[in-house]
Amino acid sequence: MDPLHDPDDETLLDPRQARDLAGLVETARLASAVVRYGVSTRVGVGTVVLNQDNPLPVANHACALWGTGAQVAGTLMELEQVFAEAGRSEAVVYASPTTVGEIEGIADDALWRAVEEQVVLLHRDRGFSRGVARPVEDRDLEGVVELYADETGLSEEGEQRLARHLGHRADENRAVLLVVDDPGVDRIAGFVQGFVERGVGLIEQVVVRPGRRRRGYGHDLVTEAAEELRRMGALLVAGHAEEGGTAQRFAEATGFEVAYGVTAYARRIDDLL
């Protein structure tokens, strides 16, 4: 038996290693989320980050709820109020190995629901890139927002907020923003966003224009972003994906391996009103 893996699931790290790694990855995600105008603070026995300029869930979430059942339940109630006061339509908690194992029952009793099963993956294979990606320029930001909006269904207001946020990240020395040009067309074919904090690199978003997929652009973007993160000091590079979905298969094809699982829980704020 591999001593580094969970005996109940050989695709995952053992619980102690998974908890240590999850703490590092969550610290990096929180640092990424607060860029420019975000704030991160403790709420009860959890940590919450809010960034009004970034409309994506990863920039407005809580994590690492560790305590007794009563403490975690109380924290979930506090988080509802925190997200409501911040004007969010939904409160989100990511439950990784840094969250108590009883979270499923506690969340159910508190009327939170599990909305997505994710996995965290580590980049192992540096692979080969054609060197087609380049750093984002101001003229590219409109195209990046367009691809984001098409991929995530952002509202017009969300697009405006995301444009401001990406402009801030382009000036952030811990962030990586790379694009690949669409040959023969004055537009980008895809982009990747990454971040590095305390030796942990994150591949956060990768989007390739639907008509340009399966041509190696995604692989090039991820490979070059991972190499750039390592040049910036990352000792490990991680990413998130929906468990068993297209994103996980893509990640594994670009050199990632599953490390541990994460469950996303949500509470609709308008349900409270």
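Scope of this entry: the structure provided in the associated data block.

Scoring rules and cut-offs
- Residues numbered from 1 in each chain as written.
- Predicted model: local features only at pLDDT ≥ 70, side-chain atom pairs only at ≥ 80, totals over all residues.
- Heavy atoms only, no water.
- Helix = DSSP H or I, 4+ residues; strand = E, 2+ residues; numbered from the N terminus.
- Rg over C-alpha atoms; globule rule 2.2 N^0.38 Å.
- Buried < 20%, exposed > 50% of the residue type's maximum accessible area, 1.4 Å probe, protein only.
- Contact = heavy atoms within 4.5 Å.
- Areas by Shrake-Rupley, 256 points an atom, 1.4 Å probe, with all protein chains shown as cover.
- Lys, Arg positive; Asp, Glu negative; His and termini not counted.
- Charge placed at Lys NZ, Arg CZ, Asp CG, Glu CD.
- Phe/Tyr/Trp six-rings, centres within 6.5 Å; stacked < 30°, edge-to-face > 60°.
- Lys NZ or Arg CZ within 6 Å of the ring centre and 35° of its normal.
- 1 Å grid on protein atoms, 1.4 Å probe; cavity = no way out; pocket = protein on both sides within 12 Å on 5 of 7 lines; lining within 4 Å.
- Points joined across faces, edges and corners; volume = space filled by probe spheres on them.
- Nonpolar A, V, L, I, M, F, W, Y, C, P; charged D, E, K, R; others polar.

Regarding the overall build of the chain
Thought 1: Scanning the chain from N- to C-terminus turns up seven helices and 13 strands.
Thought 2: At 19 Å, the chain has a C-alpha radius of gyration in line with the 19 Å of a compact globule built from 273 residues.
Thought 3: Seen along its three principal axes, the alpha-carbon backbone of the chain occupies a region of about 60 × 50 × 30 Å.
Thought 4: Burial analysis of the chain (273 residues in total) assigns 53% to the buried set.
Thought 5: Within the chain, contacts between residues at least 6 apart in sequence are counted, and of these 69% link residues at least 24 apart.
Thought 6: Of the roughly 13300 Å² of accessible surface on the chain, a fraction of 48% belongs to carbon and sulfur atoms.
Thought 7: With 28 positive and 47 negative side-chain charges, the chain shows a spacing of 5 Å between the two charge centroids.

A short note on the packing of aromatic side chains
Thought 1: Under the criterion given, the structure shown has one aromatic pair.
Thought 2: The interplanar angle of 50 degrees and the centroid separation of 4.8 Å between the aromatic rings of Y148 and F191 together place this pair among those described as tilted. Placement of Y148 in helix α4 (residues 141–152) and of F191 in strand β10 (residues 188–197) is noted, with a sequence separation of 43 residues between them.
Thought 3: On the basis of relative accessibility, which here comes to 2%, the residue Y148 falls in the buried class.
Thought 4: For F191, a relative accessible area of 1% translates into the label buried.
Thought 5: Above the face of the Y94 ring, R29 is positioned so that its terminal group lies 5.1 Å from the ring centre.
Thought 6: The side chain of R36 reaches across the aromatic face of Y37, ending 6.0 Å from its centre.

Some thoughts on the layout of surface pockets
Thought 1: What the second largest pocket holds in volume is close to 330 Å³.
Thought 2: What lines the second largest pocket is a set of 21 residues, among which A95, E117, G261, V262 and T263 lie closest to the centre.
Thought 3: Every element with two or more residues in the lining of the second largest pocket is listed here: β2 (9–13), α3 (103–109), β7 (113–123) and β13 (256–268).
Thought 4: Here the residues of the lining of the second largest pocket sort into nine nonpolar, eight polar and four charged.

A short note on the environment of A149
Thought 1: Examined against the element boundaries, A149 turns out to sit in helix α4.
Thought 2: Along the backbone, A149 and E159 are ten residues apart, and their C-alpha atoms lie at a distance of 6.6 Å.
Thought 3: Among all residues touching A149, those that are not within four sequence positions of it are L154 and E159.

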